[in-house]
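Residues per chain are reported as follows:
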Amino acid sequence: MGPLEDDKPVKLTIELPAAVLRDLKSYAEILTRIGNATIPIELANLIAPMIERFIATDRAFAKARRNAAQPAPASPERSG
């Protein structure tokens, strides 16, 4: 089966620009409203899914990751 990934959550502390925080709050409020939730969505619960979605849809990152996973081409041996 192979080694299992460490899937333990990691706690991070980040600083966001005020405008980003306002947008995140607005986003949470709208999601709460359209989902007919009775409890407001916690901002911290939005961040991981948003980052996952961003990474999953970033084509340049996916291409770079594929290229990094490929073995480097063998260099030709020099004749003496």
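See the structure printed just above.
Residue indices follow the written sequence of each chain, beginning from 1 at its first position. For a predicted model such as this one, the threshold for reporting local features is a pLDDT of at least 70, and the threshold for listing and counting side-chain atom pairs is 80 or more; totals across whole chains, interfaces and linings nevertheless cover every residue. Think of the side-chain values as coming from all heavy atoms in the structure, minus any hydrogens and water.

1. Remarks on the overall build of the protein chain
Alright, step 1. In terms of regular secondary structure, the protein chain is built from three helices and zero strands.
Alright, step 2. Every helix listed is a DSSP run of H or I at least four residues long, and every strand listed is a run of E at least two residues long, numbered separately from the N terminus. Seen in sequence order, the protein chain has helices and strands lined up from the N terminus as α-α-α.
Alright, step 3. With 80 residues in all, the protein chain has 5% of them scored as buried.
Alright, step 4. Reported accessibility uses the Shrake-Rupley method at a 1.4 Å probe radius. Residues are deemed covered only where the shown protein chains occlude them. Element-wise, carbon and sulfur atoms account for 58% of the exposed surface of the protein chain, whose accessible area totals about 8,100 Å². Three labels apply to residues, based on accessible area from a 1.4 Å probe with only protein chains included: buried if under 20% of the type maximum, exposed if over 50%, partly exposed otherwise in between.

2. With respect to the layout of surface pockets
Alright, step 1. Approximately 390 Å³ is the volume found for the largest pocket.
Alright, step 2. With a 1 Å grid spanning the protein atoms alone, the term cavity applies to any set of points in which a 1.4 Å probe fits but cannot get out, the term pocket to an open set with protein on both sides within 12 Å along at least five of seven lines, and the term lining residue to any residue with an atom within 4 Å of a point. Lining the largest pocket, in full, are Val10, Lys11, Leu12, Ile14, Ala44, Ile47, Ala48, Ile51, Glu52 and Ile55.
Alright, step 3. Put simply, Ala, Val, Leu, Ile, Met, Phe, Trp, Tyr, Cys and Pro go in the nonpolar bin, Asp, Glu, Lys and Arg in the charged bin, and everything else, Gly too, in the polar bin. Grouping the amino acids of the lining of the largest pocket by side-chain chemistry returns eight nonpolar, no polar and two charged. Grid points are joined across faces, edges and corners, and a volume is the space filled by probe spheres set on the points.

3. Some thoughts on the packing of helix 1 (residues 18–34) against helix 2 (residues 43–57)
Alright, step 1. As a packed pair, helix 1 and helix 2 sit with axes 10 Å apart at the nearest point and diverge in direction by 95 degrees. Of the possible angle classes, the one that applies to helix 1 and helix 2 is roughly perpendicular. The residues of helix 2 that touch helix 1, namely those facing Leu21, Leu24, Lys25, Tyr27, Ala28 and Leu31, are Leu43, Leu46, Ile47 and Met50.
Alright, step 2. Residue classes in the contact of helix 1 with helix 2 are distributed as nine nonpolar, no polar and one charged. Structural elements are reduced to axes, namely lines fitted to C-alpha atoms, with helices fitted over the stretch in contact, and the angle between N-to-C directions of any two is expressed from 0 to 180 degrees. Any angle that falls under 35 degrees is termed roughly parallel, while one over 145 is termed roughly antiparallel, one within 65 to 115 roughly perpendicular, and all others oblique. Residues count as neighbours in contact if any of their non-hydrogen atoms are within 4.5 Å of one another.

Just geometry here; none of it tells us what the structure is for.
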